[in-house]
Amino acid sequence: MTIHIGARPGEIAETVLLPGDPYRAKWAAETFLKDAVQINQVRGMLGFTGTWNGNRVTIHGSGMGMPSLSIYVNELIRDYGAQTLIRIGSCGGMQEKVKVRDVILAMTASTLSTPSRGIFRDLNFAPSADWSLLRAAAAAAEAKGVPTHVGGIYSSDVFYDERPDLNEQMTRHGILGVEMEAAELYILAARYARRALAVLTVSDHLVTGEALPSADRERSFGDMVEIALEAAFA
Ligand code: HPA
């Protein structure tokens, strides 16, 4: 047990999928894993361990934003030995060519600040995905016929952004989408020599104003879970 995770030693798999929403973790575990067992419920943050194609997998909520994700990922890596960590979440589209429902594989995650800012101070570290996971996820998405973009994303600290000029600069510099967790995940994976990737579904669009109808969210989320699982065990 750690401060925020109630699982006993050995109850968390080396491969961990991280949706922001704990109820998405529950849905994904019930839908895609065999023999899923709940291994955490501290503060309502649900985690489940089961198997997918015979491989042990944990699906655990990260919460919203980098400070929350940082707590769970630190404990998953340092206390439970997680080796491969894949965020599965939603993002806002930032380019016209990126449509609602499309999948984005985050090659890099630009950011203004993360919980790791205290280490880097004035140095701009470049958080980036694990190449083997990125390559396998791109292959899995292509095989499924899911429209997919690979490139840079923006990990913001705010959903209700009072600096729309920053979003405009991100769009101007080719950033595909905005979310709130991937940069810290990539930094922690780099620090502890683990593999990490963020697989994202575009749920809304900052340029076109389009939004994914709630009835469609589940299906899009399912594609993302399958892409993440196939990448993890490729
Ligand atoms: N901003 C930040 N995070 C998000 C968004 C957004 O527009 N959409 C989904 N996650």
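Everything quoted here is computed from the prediction, not taken from an experiment.

Some words on the packing of helix α1 (residues 22–32) against helix α7 (residues 214–232)
Describing two packed helices takes the angle between their axes plus the distance from one axis to the other. Closest axis-to-axis distance for the α1/α7 pair is 11 Å, and the angle between their directions is 65°. In terms of orientation, α1 and α7 fall into the roughly perpendicular class. In the packing of α1 onto α7, the handedness of the crossing is right-handed. Judged by residue contacts, R24, W27, A28 and F32 of α1 engage R217, E218, F221, G222, V225, E226 and L229 from α7.

Structural notes on the environment of L76
Mapped onto the secondary structure, L76 falls in helix α2 (residues 66–78). For L76, a relative accessible area of 0% corresponds to the buried category. The spacing of L76 and E162 is 86 residues in sequence and 33 Å in space, taken between C-alpha atoms. In this structure L76 touches I5, I12, V16, L18, G81, A82 and L85, once residues within four positions along its chain are discounted.

Some remarks on the pattern of salt bridges
Applying the stated rule across the entire model yields six salt bridges. E11 is paired through a salt bridge with R8; the nearest N and O atoms lie 3.0 Å apart. The shortest N-O distance in the salt bridge between E179 and R87 comes to 2.7 Å. Taken together, the positions of E179 in strand β8 (residues 177–179) and R87 in strand β5 (residues 84–93) put the pair 92 residues apart, joining distant regions of the chain. For E179, a relative accessible area of 3% translates into the label buried. Connected through salt bridges with shared partners, the residues R87, E179 and E181 form a single ionic network.

Here we look at α1
Here α1 has its buried residues at P22, A25, A28, A29 and F32. The buried residues of α1 occupy one face: seen down the axis, they fall within an arc of 115°. Residues Y23 and E30 are exposed on α1 and point more than 90 degrees away from its buried face. Sitting at the head of α1, D21 places a side-chain oxygen 2.8 Å from the backbone nitrogen of Y23.

Describing the site of the ligand
Taken together, the neighbourhood of the ligand is formed by S90, C91, G92, F159, V178, E179, M180, S203, D204 and L206. Interatomic distance of 3.3 Å between a backbone N/O atom of G92 and a nitrogen atom of the ligand. Between the ligand and D204 there is a distance of 2.9 Å, counted from a nitrogen atom to a side-chain nitrogen or oxygen. When isolated, the ligand has an accessible area of 260 Å², and the protein chains bury 88% of it. Going through the elements one at a time, β5, β8 and β9 (195–205) are the ones with two or more residues in the shell around the ligand.

Structural notes on the environment of T15
Within the element layout of this structure, T15 appears in strand β1 (residues 15–18). By relative accessible area, T15 is classed as buried at 7%. Separated by 210 residues in sequence, T15 and V225 have C-alpha atoms that sit 13 Å apart. Setting aside chain neighbours within four positions, we find T15 in contact with R56, V57, T58, T84, A232 and F233.

Observations concerning the packing of aromatic side chains
Scanning the model with the defined rule gives five aromatic pairs in all. Each ring, one from W27 and one from F32, has its centre 5.9 Å from the other, and the planes form 80°; the classification is edge-to-face. Through a chain of ring-to-ring contacts, the aromatic side chains of W27, F32 and F221 assemble into a single cluster.

What counts, and at which threshold
- Every chain is numbered independently, its residues counted from 1 as its sequence is written.
- Local features in this predicted model are restricted to residues of pLDDT 70 or higher, and side-chain atom pairs are both shown and tallied only at a pLDDT of 80 or more, whereas totals for entire chains, interfaces and linings draw on every residue.
- Only heavy atoms go into the side-chain values, all of them from the structure, while hydrogens and water stay out.
- Axis lines are fitted through C-alpha atoms, for helices just across the contact stretch, and the angle between N-to-C directions can take any value from 0 to 180 degrees.
- Labels follow the DSSP assignment, with helices taken as runs of H or I lasting at least four residues and strands as runs of E lasting at least two, numbered in each case from the N terminus.
- Orientation is classified from the angle alone, with under 35 degrees giving roughly parallel, over 145 giving roughly antiparallel, 65 to 115 giving roughly perpendicular, and any other angle giving oblique.
- It is the rotation of the near helix from the far one that decides the hand of a crossing: anticlockwise by less than a right angle makes it left-handed, clockwise makes it right-handed.
- Residues are treated as being in contact if the distance between any of their heavy atoms lies within 4.5 Å.
- Relative accessibility decides the category of a residue: with a 1.4 Å probe and only protein chains considered, values under 20% of the type maximum give buried, values over 50% give exposed, and everything between is partly exposed.
- Any carboxyl oxygen of Asp or Glu within 4 Å of a side-chain nitrogen of Lys or Arg constitutes a salt bridge here.
- Our arc is simply the arc of the directions from the helix axis toward the C-beta atoms.
- By the criterion applied in these results, polar contacts are pairs of N or O atoms within 3.5 Å in which, for protein atoms, one can donate a hydrogen and the other can accept it, and in which residues neighboring in sequence qualify only through two side-chain atoms.
- Nearness of a residue to a molecule or strand requires only that one of the residue's heavy atoms be within 4 Å of it.
- The Shrake-Rupley method, run with a 1.4 Å probe sphere, supplies the accessible areas, and residue values consider only the shown protein chains as cover.
- Each Phe, Tyr or Trp ring (for Trp, its six-membered ring) is paired with any other whose centre lies within 6.5 Å, and the angle between the two planes then decides the class: stacked below 30 degrees, edge-to-face above 60, tilted in between.

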